[in-house]
Amino acid sequence: MKGSMVLCGVGGMGILKASEVIAHLVVQEGLSVRQSEVHGMAQRGGSVVTHLRYGEEVFSPLLFRGEADFMVAFEELEALRYLPYLKQGGTVILNRLTMCPPGFDPSRYPKHIPETLEGAGFAVLAVPATDIALELGDIRVTNSVLLGVLSRVFPVGTERSWEEALQKAFRGKALDLNLEAFWRGRG
């Protein structure tokens, strides 16, 4: 088994932590993993992307365009920005969140992004992950909601191994809340 994914969004959304959880999961399942992060002014709300490859043997984390099996998009416009990395027929886990970049005219923000992605031949699981995180009392668990959604379709790991991967990434009360968020996303 081998595959790849791209995680994308805006700085501060937990993209790197989500990538860490997935890497833990893949290693627990006996596969190799390589990941690479790009921080584009992340501290200021800039674009952040992580490439992740997994399989029996993995030599490089960087993906070519049209190569990713999965995309986990923490924001809708970022999904469009990094869509060229997703292979035809790939799966998009999409947070139903729109954030206009500074200086961007909100009237130019693309409409109907989930439908556009589906119309282009991608499988789309669109969820209001940030809204769910806010219902749980902490916007920072948006990433765990999205991981729960990913776990429905990701070909690696069991429910138990996902929990174990989360336990490696979080501790104490943060772990409890992130597990709750994961199960809400897994639904």
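The structure we're discussing is the one just above.
For clarity, every value in this text was computed on a predicted model and none was experimentally measured. Here the residue numbering is sequential within each chain, running from 1 through the sequence in written order. With the structure being a predicted model, the display of local features is reserved for residues of pLDDT at least 70 and the display and counting of side-chain atom pairs for 80 or more, all residues being used for whole-chain, interface and lining totals. Think of the side-chain values as coming from all heavy atoms in the structure, minus any hydrogens and water.

Caption draft 1: Local environment of the side chain of S47. Each helix is a run of H or I in the DSSP string that is no shorter than four residues. Each strand is a run of E no shorter than two, and both are numbered from the N terminus. Within the secondary structure layout, S47 lies in strand β3 (residues 47-55). Take S47: its relative accessible area is 15%, and that puts it in the buried class. We call two N or O atoms a polar contact when they sit within 3.5 Å, provided that within protein one can donate a hydrogen and the other can accept it, with sequence-adjacent residues counted only if both atoms are side-chain atoms. A distance of 2.7 Å separates the side chain of S47 from the side chain of E78, its partner in a polar contact. Polar contacts involving the side chain of S47 include one to the side chain of Y82, which spans 2.8 Å. Whether a residue is buried, partly exposed or exposed follows from its accessible area with a 1.4 Å probe, protein chains only, as a fraction of its type maximum: under 20%, in between, or over 50%, in that order.

Caption draft 2: Geometry of the packing of aromatic side chains. Think of it this way: a Phe, Tyr or Trp ring, Trp meaning its six-membered ring, pairs with another when their centres are within 6.5 Å, and the plane angle makes it stacked under 30 degrees, edge-to-face over 60, tilted otherwise. Within the structure shown, the criterion is met by seven aromatic pairs. Taking 5.5 Å as the distance between ring centres and 65 degrees as the angle between the ring planes, the aromatic pair formed by F70 and F154 counts as edge-to-face. Pair noted here: F70 is in strand β4 (residues 68-73) and F154 is in the loop between α5 (142-151) and α6 (159-169), with a separation of 84 residues, a long-range link. Neither F70 nor F154 differs from the other in exposure class; each is buried. Here the aromatic rings of F104 and Y109 are separated by 6.4 Å at their centres, their planes lie at 90 degrees, and the arrangement is edge-to-face. The partly exposed category is assigned to F104, whose relative accessible area is 25%. Residue Y109 is classed as buried on the basis of its relative accessible area, which comes to 6%. An aromatic cluster is built from Y54, F70, F154, W162, F182 and W183, whose rings are joined through pairwise contacts. Counted as over-ring charges are cases with an Arg CZ or a Lys NZ within 6 Å of the ring centre that also lie within 35 degrees of the ring normal. The lysine or arginine in question, K17, covers the ring of F170, its NZ or CZ lying 5.3 Å from the ring centre.

Caption draft 3: Examining the pattern of salt bridges more closely. Between Lys or Arg on one side and Asp or Glu on the other, a salt bridge is scored when a side-chain nitrogen of the former is within 4 Å of a carboxyl oxygen of the latter. For the structure shown, the criterion picks out ten salt bridges. E76 is the salt-bridge partner of R96, the closest N and O atoms lying 2.6 Å from each other. With R96 in the loop between β5 (86-95) and α3 (113-119) and E76 in helix α2 (residues 76-82), this pair connects stretches of sequence that are 20 residues apart. The class of E76 is buried, set by a relative accessible area of 4%. Taken together, the shared-partner salt bridges connect R160, E163 and E164 into one network.

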